[in-house]
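Inside the fold
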Amino acid sequence: MKILMKTGSLLLMGLALTGGSLLPTANAKTKKAKVLSTTKIAKVAYHGKHGNVYSSAKLTKVRYRMAKYKHTTWYGTKHALVKKNGKKVSLTYIKAGSKKGWIYSKYLNVGKVSVKKNKAKSPLRKVKTGSRAKRFANDLSTIKRIAISGSSMLQDQINEVSTDPADGYSSLADNIRSFAAEYFLDKYDVAKNDKSALLSIYDLLKKRLPGTSTQKANLESMAKKVSDSEDEGTENDSTRVKTFTSLFTDLIAKM
């Protein structure tokens, strides 16, 4: 009995010295992400509802939680490719007023936050909405079949596209942009297949893309340069693909 009491006293003393807890101390440090590349992009408007905004591309400190800024329009100016927990992920640098930081690209939707107005629904409005939903569902289904011929990276980006027709095309644009940010890391044969898949997606959508005649002519010219090039996996090829993808996805987001 005395031994038990003595043991209990020692245990209490130990708790007092260690802050009164038997639980193991957690490691407060967050493992840094490795930044593989950073690319400047044309200023793009974004909005989002999910994810965290980090103070740096190393993803060690959360600065803001996007859920609190779902009615805020952010502007992206840079993309980064980082390696986190053994996986390559795409980030976007965004800014809204004095607020700024890095966020996973998949959490962003292209475009400014829209202010919804209450409107009486008419039969015509329902038909238009239904037609758009059906058209997007058909497009996404076809694009997923096209992506099968590409890399697992391309397939992953396409499979993560939102199925909600309200923001589906914006999500598609953002995910294709994220794929393009990582394109230059591919090997020759993989890059060739991915480029072919990207051009097939363009062929599927090009007749329905919004935009001016000049934008469409420029895009067609870019697509031809991408198609005619045979230096897959090089910096020159990467630049052509990214330039083409930048305008292509800007127009997709407006569909």
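A brief look at the structure comes next. Every value quoted in this text rests on a predicted model; they were computed, and no experiment measured them.

Comments concerning the packing of aromatic side chains
A ring pair, where both rings are aromatic, is described by two values, the distance of the centres and the angle of the planes. Under the definition given, this model contains ten aromatic pairs. Centre to centre, the rings of Y54 and Y104 are 6.5 Å apart; their planes meet at 75 degrees, and the pair counts as edge-to-face. On the criterion of sequence distance, the pair formed by Y54 in strand 2 (residues 52–54) and Y104 in strand 6 (residues 99–104) is long-range, its members being 50 residues apart. Using a relative accessible area of 13% as the deciding quantity, one classes Y54 as buried.

Thoughts on the side chain of H79
Topologically, H79 is positioned in strand 4 (residues 74–84). By relative accessible area, H79 is classed as buried at 7%. Side-chain polar atoms of H79 contact the side chain of T92, separated by 3.3 Å.

Description of the packing of helix 6 (residues 213–228) against helix 7 (residues 235–252)
Contact geometry for helix 6 and helix 7: axes closest at 9 Å, N-to-C directions at 145 degrees. Like other packed secondary-structure pairs, helix 6 and helix 7 cross with a definite hand, here left-handed. Residues Q215, N218, L219, M222, A223, K225 and V226 of helix 6 form the contact with helix 7, whose own contacting residues are R240, V241, T243, F244, L247, F248 and L251. Partitioned by chemical class, the residues of the contact of helix 6 with helix 7 number nine nonpolar, three polar and two charged.

Digging into the pattern of salt bridges
One pass over the structure, following the stated rule, counts seven salt bridges. A salt bridge links D237 to K195; the shortest N-O distance between them is 3.3 Å. Remark: K195 occurs in helix 5 (residues 188–205) and D237 occurs in helix 7; sequence separation between them is 42 residues. You'll find D237 and K195 in the same group, each marked buried. Across the salt bridge formed by K206 and E220, the nearest N and O atoms sit 3.8 Å from each other. In this pair, K206 sits in the loop between helix 5 and helix 6 while E220 sits in helix 6, placing the two residues 14 residues apart along the sequence. Residue classification places E220 among the partly exposed residues on the basis of a relative accessible area of 38%. Among the charged side chains, a salt-bridge network with shared partners connects D174, R177 and D250.

Here we look at the nonpolar core
Across soluble globular proteins, nonpolar side chains have a tendency to be buried as a group. In terms of nonpolar packing, the biggest core is built from 44 residues, with L172, L205, L209, F244, F248 and I252 touching the most fellow members. Elements with a contribution of two residues or more to this core: strand 1 (34–47), strand 5 (87–96), helix 2 (123–147), helix 3 (152–159), helix 4 (168–182), helix 5, helix 6 and helix 7. In contact with L205, other than residues within four places in its own chain, are D139, I143, L172, F248, I252 and M255.

Quick look at a positive patch on the surface
Positive charge collects at one region of the surface, where K43, K61, R63, K95 and K100 lie side by side. Mapped onto the secondary structure, K43 falls in strand 1. With a relative accessible area of 63%, K43 lands in the exposed category.

What about helix 3?
Along helix 3, the positions that sit buried rather than exposed are M153, L154, Q157 and I158. An end-on view of helix 3 places all buried positions within 130 degrees of arc, on one side of the element.

Observations concerning helix 6
For helix 6, which comprises 16 residues, the first-to-last C-alpha distance of 23 Å matches the rise-based estimate of 22 Å (1.5 Å per residue) to within 8%. Where helix 6 is concerned, the buried positions are L219, A223 and V226. The buried side chains of helix 6 occupy one side of the element, clustering within an arc of 60 degrees when seen end-on. Counted as exposed and oriented over 90 degrees from the buried face of helix 6: S213, K224 and K225.

Some thoughts on the environment of Y54
For the pair Y54 and W102, spaced 48 residues apart in sequence, the C-alpha to C-alpha distance is 4.9 Å. If sequence neighbours within four positions are ignored, Y54 has contacts with L59, T60, K61, V62, R63, G101, W102 and Y104.

Conventions adopted
- Residues numbered from 1 in each chain as written.
- Predicted model: local features only at pLDDT ≥ 70, side-chain atom pairs only at ≥ 80, totals over all residues.
- Heavy atoms only, no water.
- Phe/Tyr/Trp six-rings, centres within 6.5 Å; stacked < 30°, edge-to-face > 60°.
- Helix = DSSP H or I, 4+ residues; strand = E, 2+ residues; numbered from the N terminus.
- Buried < 20%, exposed > 50% of the residue type's maximum accessible area, 1.4 Å probe, protein only.
- Polar contact = N/O pair within 3.5 Å; in protein donor to acceptor, adjacent residues only side chain to side chain.
- Axes fitted to C-alpha atoms, helices over the stretch in contact; angles between N-to-C directions.
- Left-handed = near helix turned anticlockwise from the far one by under 90°.
- Contact = heavy atoms within 4.5 Å.
- Nonpolar A, V, L, I, M, F, W, Y, C, P; charged D, E, K, R; others polar.
- Salt bridge = Lys/Arg side-chain N within 4 Å of Asp/Glu carboxyl O.
- Core = buried A, V, L, I, M, F, W, Y, C linked by side-chain atoms within 4.5 Å.
- Patch = residues over 30% accessible without salt bridge, like charges linked within 9 Å, V, L, I, M, F, W, Y side chains within 5 Å.
- Areas by Shrake-Rupley, 256 points an atom, 1.4 Å probe, with all protein chains shown as cover.
- Lys, Arg positive; Asp, Glu negative; His and termini not counted.
- Charge placed at Lys NZ, Arg CZ, Asp CG, Glu CD.
- Arc of directions from axis to C-beta.
- Expected span 1.5 Å × (residues − 1).

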